[in-house]
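# Commentary on secondary and tertiary structure
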Amino acid sequence: MKLASEVIYALQKGLGYELYKALFLSYGKRGEKAYFYLSQNRVKKYRDFFVVVGTNEYIVDESFCSCPDFQLKLKGKEPCAHIIAVEVAKLLKHYDEIDAYYTDYQKP
Ligand SMILES: [Zn+2]
């Protein structure tokens, strides 16, 4: 997924008000939520996937997210807050890196 150019531009100033504003103006509530995930360090990079910790944990893989918002409401056509958060996190290198496979945690 390609982020809005306003967001890319605001990224140069790091995780601050400019970025918050750009995210909100470009993506509305979803952008606002994405900023919240970033500022609360809720983006985790496992060896296999990025995971965003919200009410539940959601797996983000490129332009796919396992959350119901993305699958049901947005029908996979627009990025949800988690996808936006991961894209920004990648560019800022702002995520917790976990040296394990997320899928290993899912096994009973
Ligand atoms: Zn999502």
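Below is a summary of the structure that appears in this document. Chains are numbered independently. Their residues run from 1 in the order of the written sequence. With the structure being a predicted model, the display of local features is reserved for residues of pLDDT at least 70 and the display and counting of side-chain atom pairs for 80 or more, all residues being used for whole-chain, interface and lining totals.

## Structural notes on unusual backbone geometry
One non-glycine residue with positive phi stands out, namely Asn 41, at about 50 degrees. Under the DSSP-based scheme used, a helix requires at least four consecutive residues in state H or I and a strand at least two consecutive residues in state E, with every element numbered from the N terminus. In this structure, Asn 41 sits in the loop between helix H3 (29-39) and strand S1 (43-45). Three exposure classes are used, all based on how many other C-beta atoms lie within 10 Å of a residue's own C-beta (placed from the backbone): buried at 20 or more, exposed at 12 or fewer, and partly exposed between those limits. Taking the number of C-beta atoms within 10 Å as the measure of exposure, Asn 41 has 12 and is therefore exposed. A positive phi angle, close to 50 degrees, is found at Lys 75, a residue other than glycine. The exposed category is assigned to Lys 75, around which 8 C-beta atoms lie within 10 Å.

## Notes on the sheet that holds strand S2 (residues 50-53)
DSSP calls a pair of strands paired once it identifies at least 2 bridges connecting them. Spatially, S4-S3-S2-S1-S5 is the arrangement adopted by the five strands of the open sheet, whose pairing is mixed. Unpaired on one side and paired on the other, strand S4 (64-65) and strand S5 (96-97) mark the two borders of the sheet. Where S1 lies against S2, three bridges are found, and the strand directions are antiparallel. Its bridge partner lying in S2, Lys 45 is registered against Phe 50.

## Describing the packing of H3 against helix H5 (residues 81-92)
With axes taken as lines fitted to C-alpha atoms, and helix axes fitted only over the stretch in contact, angles between N-to-C directions fall between 0 and 180 degrees. Where H3 contacts H5, the two axes come as close as 8 Å, and the packing angle between them is 50 degrees. Judged on the interaxial angle alone, H5 and H3 are oblique. Classified by chirality, the crossing of H5 by H3 is right-handed. Mapping the contact onto sequence places Arg 30, Gly 31, Lys 33, Ala 34, Tyr 37 and Leu 38 in H3 and Ala 81, Ile 84, Ala 85, Val 88 and Ala 89 in H5. Any angle between 65 and 115 degrees counts as roughly perpendicular, while under 35 counts as roughly parallel, over 145 as roughly antiparallel, and the rest as oblique. Helix crossings fall into two classes, left-handed where the near helix is turned counterclockwise from the far one by less than a right angle and right-handed where it is turned clockwise. Throughout, a residue-residue contact means that the two C-beta atoms, derived from backbone geometry, are no farther apart than 7 Å.

## Some details on the pairing of strand S3 (residues 57-61)
Remember that side chains alternate between the two faces of the sheet whenever the strand is regular. Covered by surrounding structure in S3 are Tyr 58 and Val 60 only, the residues Glu 57, Ile 59 and Asp 61 on the alternate face being uncovered. Relative to S4, S3 is paired through two bridges, and the arrangement is antiparallel. For Val 60, the partnering residue across the bridge sits in S4 and is Cys 65. Hairpin connection between S3 and S4: a loop of two residues separates the two successive antiparallel strands, and Glu 62 in this loop has a positive phi of roughly 55 degrees.

## As for helix H2 (residues 17-27)
Buried within H2 are the following residues: Leu 19, Ala 22, Leu 23 and Tyr 27. The arc enclosing the buried residues of H2, seen along the axis, measures out at 100 degrees, which places them on a common side. The secondary structure elements touched by the buried residues of H2 are helix H1 (5-11), H3 and H5. Immediately beyond the C-terminal end of H2, within one or two residues, lies Gly 28, with a positive phi of roughly 60 degrees. The arc under discussion is defined with respect to the helix axis, by the directions toward the C-beta atoms.

## Some points on the nonpolar core
Residues Ala 34, Val 43 and Ala 85 are the most contacted members of the largest nonpolar core, which totals 29 residues. Listed by contribution, the elements that provide at least two residues to this core are H1, H2, H3, S2, S3 and H5. In terms of residues, this core owes the most to one element, H5, which gives seven residues. In this structure, Val 43 is in contact with Tyr 37, Leu 38, Phe 50, Val 52, Ala 85, Val 86, Ala 89 and Tyr 95, ignoring residues within four places of it in sequence. Nonpolar cores are built from buried Ala, Val, Leu, Ile, Met, Phe, Trp, Tyr and Cys residues. These are joined into a set through C-beta atoms within 7 Å.

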